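# Topology and contacts: notes
The chain contents come next:
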Amino acid sequence: MQLIPAIDLIDGRCVRLSKGDYNEKKVYDAEPLDWALQLQDCGVERLHVVDLDGAKASEPQNLRVLERIANGTSLDIEWGGGIKSSDALRSVFNAGANRAICGSIAVDNHDLFMQWISDYGYDHIILGADVRNGMVSTHGWLDTSEVHVDTLIEKCLPDDEQRLQIICTDISRDGMLQGPNFKLYESLLRKFDNIELTLSGGVSKVADLEQASTLGIHNAIIGKALYEHRITLNDIRLWKRN
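Source: prediction; values computed, not measured.

Helix and strand counts for the protein stand at eleven helices and twelve strands. Relative to a compact globule of 242 residues, whose C-alpha radius of gyration would be 18 Å, the protein shows 16 Å and is just as compact. Looking at the protein as a whole, 56% of its 242 residues qualify as buried. Of the contacts made within the protein by residues no fewer than 6 positions apart, 66% connect residues no fewer than 24 positions apart. Just so you have it, the protein exposes about 10,700 Å², and 41% of that area is on carbon and sulfur atoms.

Right, dumping it as structure tokens:
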């Protein structure tokens, strides 16, 4: 299982929210590029970056940060937040992201989302399926749709041997350091064979990662646990070696 550290951005700075609440924001001292370089030095290959300003504004707002990280590291960057148009998607790729995380658009304009997959491929477009009580949330988690996560995934699956990349976040667990919703991920893995599933939300200790790996989850995003030193850079080094 691959570990994917997360950087969430507001005003170009590293932050973490609790349960997606913008009023429950904690700002960290780490400069995004410096933090990305530290992670790369630990053997990290893939970085998860969320433009929280972009999610609220419905268009990317922190692309200069993306450019600095992309130019200053060799990391495989997945970027989400505010990708609501084809122009926005191109701007994210042009700024250096290798993968784009698209959530709201998959619900609000599903045909366009599938066109993006056709244009760029399943390797570069990730479905961001962020859920509250099984229902998909959109627009920076500020709105909850009437679409169940299973229904959304079913509509996005490839009809060949490719795999749909999914980052699934249980919003109630995000930033709370209370452990992931493993029942949710087990259910998705049972129902869908041709997905690459990334766990997001609630990781608080190495034991959570070990359990996720045992369940067959492909990737795990680590955010607040790293900033709060519940999981250390040395833990990442050891995981990479093993």
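Still more ground to cover, so stick around.
On to the environment of Arg163, then. Following the sequence through the fold, Arg163 ends up in the loop between α7 (149–156) and β10 (164–170). Relative accessible area serves as the criterion here: at 39%, Arg163 is assigned to the partly exposed category. Other than its neighbours up to four places away in sequence, Arg163 contacts Tyr122, Pro158, Asn194, Ile195, Glu196 and His218. At 3.3 Å, the side chain of Arg163 forms a polar contact with the side chain of His218.

The next thing to look at is the environment of Ile195. The residue Ile195 is located in strand β11 (residues 195–200) in this model. Along the sequence, Ile195 and Gln40 sit 155 residues apart, while their C-alpha atoms lie 26 Å from each other. Among all residues touching Ile195, those that are not within four sequence positions of it are Ile153, Leu157, Arg163, Leu164, Ile166, Leu188 and His218.

This paragraph deals with the side chain of Arg46. With respect to the element layout, Arg46 can be found in strand β4 (residues 46–51). Look at Arg46 and you get buried, because its relative accessible area is 3%. Side chain to side chain, Arg46 and Gln165 meet in a polar contact 3.3 Å long. With sequence-adjacent residues up to four places away left out, Arg46 is seen in contact with Gln2, Leu3, Ile4, Pro5, Leu75, Asp76, Glu78, Arg99, Ile126, Gln165, Glu196 and Asn219.

For the pair helix α8 (residues 182–191) and helix α9 (residues 206–215), interaxial distance at closest approach is 11 Å and the crossing angle is 20°. In terms of their interaxial angle, α8 and α9 are classed as roughly parallel. Crossing of α8 over α9 shows right-handed handedness. Mapping the contact onto sequence places Phe182, Glu186 and Leu189 in α8 and Asp208, Gln211, Ala212 and Leu215 in α9. Partitioned by chemical class, the residues of the contact of α8 with α9 number four nonpolar, one polar and two charged.

Rules and cut-offs
Residues numbered from 1 in each chain as written. Predicted model: local features only at pLDDT ≥ 70, side-chain atom pairs only at ≥ 80, totals over all residues. Heavy atoms only, no water. Helix = DSSP H or I, 4+ residues; strand = E, 2+ residues; numbered from the N terminus. Rg over C-alpha atoms; globule rule 2.2 N^0.38 Å. Buried < 20%, exposed > 50% of the residue type's maximum accessible area, 1.4 Å probe, protein only. Contact = heavy atoms within 4.5 Å. Areas by Shrake-Rupley, 256 points an atom, 1.4 Å probe, with all protein chains shown as cover. Polar contact = N/O pair within 3.5 Å; in protein donor to acceptor, adjacent residues only side chain to side chain. Axes fitted to C-alpha atoms, helices over the stretch in contact; angles between N-to-C directions. Parallel < 35°, antiparallel > 145°, perpendicular 65-115°, else oblique. Left-handed = near helix turned anticlockwise from the far one by under 90°. Nonpolar A, V, L, I, M, F, W, Y, C, P; charged D, E, K, R; others polar.

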